[in-house]
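# Descriptive structure summary
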Amino acid sequence: MPLRRNRSDEKDVLDNVHDNIHIDPLAQDFIDTVEFQRLRDVKQLGLCNLVYPGATHSRLEHSLGVYNFARATVFNLDSCWPELELEQSDLTSVGLAGLLHDVGHGPFSHVFENEFLPRIGAGLLKWHHEAMSGKMVDFIVDRNYIDVDAGVLKRVKDMILCSSERGAPQGDKAFLYDIVANGRNGIDVDKFDYILRDTRACGLEPGTFKVCRLMDSMRVIDNEICFRSNVAATICELFVTRGNLFREVYTHPKVKAMELMLADALVMADGFLGISGMVDDPASFWKLDDSLLKAIETSDEPELEASRKLVWRMRRRGRELYQFCDSLKVPAEHAERFSAVTAEDILCYAKGGVLQRDDIVVSNVKIDDACGKSDLLEGVHFFKGYGSTEKLELKAEEVGRSYAGHDVPQRIVRVYVKKYEHLEAACDAFQAFQRERYNVQSQMLRTPDSKRKRKTRRVS
C-alpha cells in the first residue's frame, strides 16, 4: 500500500529554496517548542555574514529544508519501488531525523564546536553536535510531552548519529539510514540542502549539481541506495561544489580571522558566563544561541571587559581585526605527513624580538573534497539501467579528467597577528619558515606591498 499523506492535517511553509514545505502534525509538535525555535537564533554559517552579507539564514531554515528533502526521498522510493514496502513509520522516522538533526548545534554553528570548545579542556575535545542532538531530542519529547512512538524515536536518534558514531547500518531497511546522514559515502539530503541554501545566500552558483536528478535516479539494491550510472558526474559535482564552498566561504581568510577573535572572546568570557559548563546538559544548552555575542558586547560587568573589547574590535573591523599575514598551500608531497603548524614554529624565524607567542595566531585548514575517501565516488554504487540489479563501481577519473586529483586533501596554513603593528614582522617570519620547512618561495595570498608600506610609513 503506497504511503499516504493527509493534506488537511498539514501546514505549509514557503521557503526560498524549496517553495512550499508541507509539515505533518507530529513534526509541527516538535517545531512548536522553544528548544527547536532556538535554531532561529543560530546562524547556519556562523560569522560568514560579516563577509557575505546575505548569509544570514538560520539553522531552523536548513532543518526545514532537510526535513522536506528527507520526506521527498522516501515518497519517491515508495512510488518508484513499491516492493520496498515502506511504511508510515519509515516516513515519520526519516522526516523527523531530517528535522531534528541539528538541534544540538551550539552558538555560531561550527565555530563553537571546532574553535571554542577544544581550547577549554581535553574533556570537550570529543564533544560534537550530533551527540548533543540525540540528547536534545529526548529532552524535547520529555519536556513538551510529545506523543511519539518509542521505536520511531530510537530510529530518529540512530539516523542522526549514524554518520559520526556508526559504520554502515545493518538490519531491515538499512538504506533508510543513508538518507539524512550518510556515513557510507557522504551523499545525503543534509548536503543537498546546505549546498543549495548556502550558495544561494552567498551569491554563488551551485555548479552543475542538480538535486532532482540525483533523487530521481535512486534505487535500492542489496539494502543500499544506489544511483544510475549516468548521474556519476552530478555526484562528483556535489562534492566539488561542497569543496568550493569551503574554499570560498567557510574558510575565507577574513571569516577565519573573525572566528579566531570570537573564539578568544568566548574563552575570556567563559569563566564568568560558564558557557562550557552548559554544553552537556540539554536543560542548560538550549539557552545558548548567537545572542551570546550581543550579551558580551553590551555588558557592563568588569569580568567581561577583555572579552567585550575584543567584540568591539570585531564590530569596528578594518585594522581592528586580527590581520591576515599570509597563506601557504602545503606542497602535495608534504600533505600526507603534515603536522599542524604552531605559533612557536613561526616565532623561531622572527627577528629582533618584536613578536611574542600571544601576538600570532595560526590557522591550519584542511579542505577535503572527497570527505575523507580515496576517491570522490568511493563507497557509491551504481546501476546501468532500471531493469538491472547489478551494482557497479566507478572512479572519478573515469567520469571526467577534471575530477582527477580531488581525492587529495589540501592543507592550507594561514598566519594572523592580533595587532596591526606586528604585521610586517610576522610576514617576514612566516616567509622564512616556508623557505626553510617546505622550500617554497611564493605564497598563495601574500599581504599586499601597499599594505606593508602603509604600515612602514605610519611607524616612521
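Residues numbered from 1 in each chain as written. Predicted model: local features only at pLDDT ≥ 70, side-chain atom pairs only at ≥ 80, totals over all residues. Heavy atoms only, no water.

## Considerations on the domain arrangement of the protein chain
Domain annotation of the protein chain identifies domain 1 (11–252 + 381–403) and domain 2 (322–368 + 409–442). Here the C-alpha centroids of domain 1 and domain 2 sit 35 Å apart. On the side of domain 2, five residues touch domain 1, which itself brings six residues to the contact. Summed over both sides, the interface between domain 1 and domain 2 buries roughly 440 Å², with carbon and sulfur atoms accounting for 46% of that surface. (Domains from an automatic or database assignment. Contact = heavy atoms within 4.5 Å. Buried area = accessible area lost by both parts, 1.4 Å probe.)

## Let's talk about the pattern of salt bridges
By the definition in use, this model includes 30 salt bridges. Among the ionic pairs, Asp 188 bridges to Lys 191, the shortest N-O distance being 3.8 Å. A salt bridge links Glu 344 to Arg 357; the nearest nitrogen and oxygen atoms lie 2.7 Å apart. Of this pair, Glu 344 sits in helix H16 (residues 343–347) while Arg 357 sits in the loop between H16 and strand S6 (360–367), placing them 13 residues apart in sequence. (Salt bridge = Lys/Arg side-chain N within 4 Å of Asp/Glu carboxyl O. Helix = DSSP H or I, 4+ residues; strand = E, 2+ residues; numbered from the N terminus.)

## A word on the sheet that holds strand S5 (residues 323–329)
The strand order across the open sheet built from three strands is S5-S8-S6, with neighbouring strands paired in antiparallel fashion. If you trace the sheet from one side to the other, it starts and ends with S5 and S6, each paired once. Averaged over all pairs of adjacent strands, the angle between strand axes in this sheet comes to 20 degrees, irrespective of strand direction. In this sheet, strand S8 (residues 410–417) lies alongside S5 in antiparallel orientation, the contact comprising six bridges. Across the sheet, Lys 329 pairs through a bridge with Ile 412, a residue of S8. Against the sheet, helix H18 (residues 423–438) makes contact with S5 and S8, and its axis sits at roughly 10 degrees relative to S5, the strand it touches most. (Pairing = 2+ DSSP bridges. Axes fitted to C-alpha atoms, helices over the stretch in contact; angles between N-to-C directions.)

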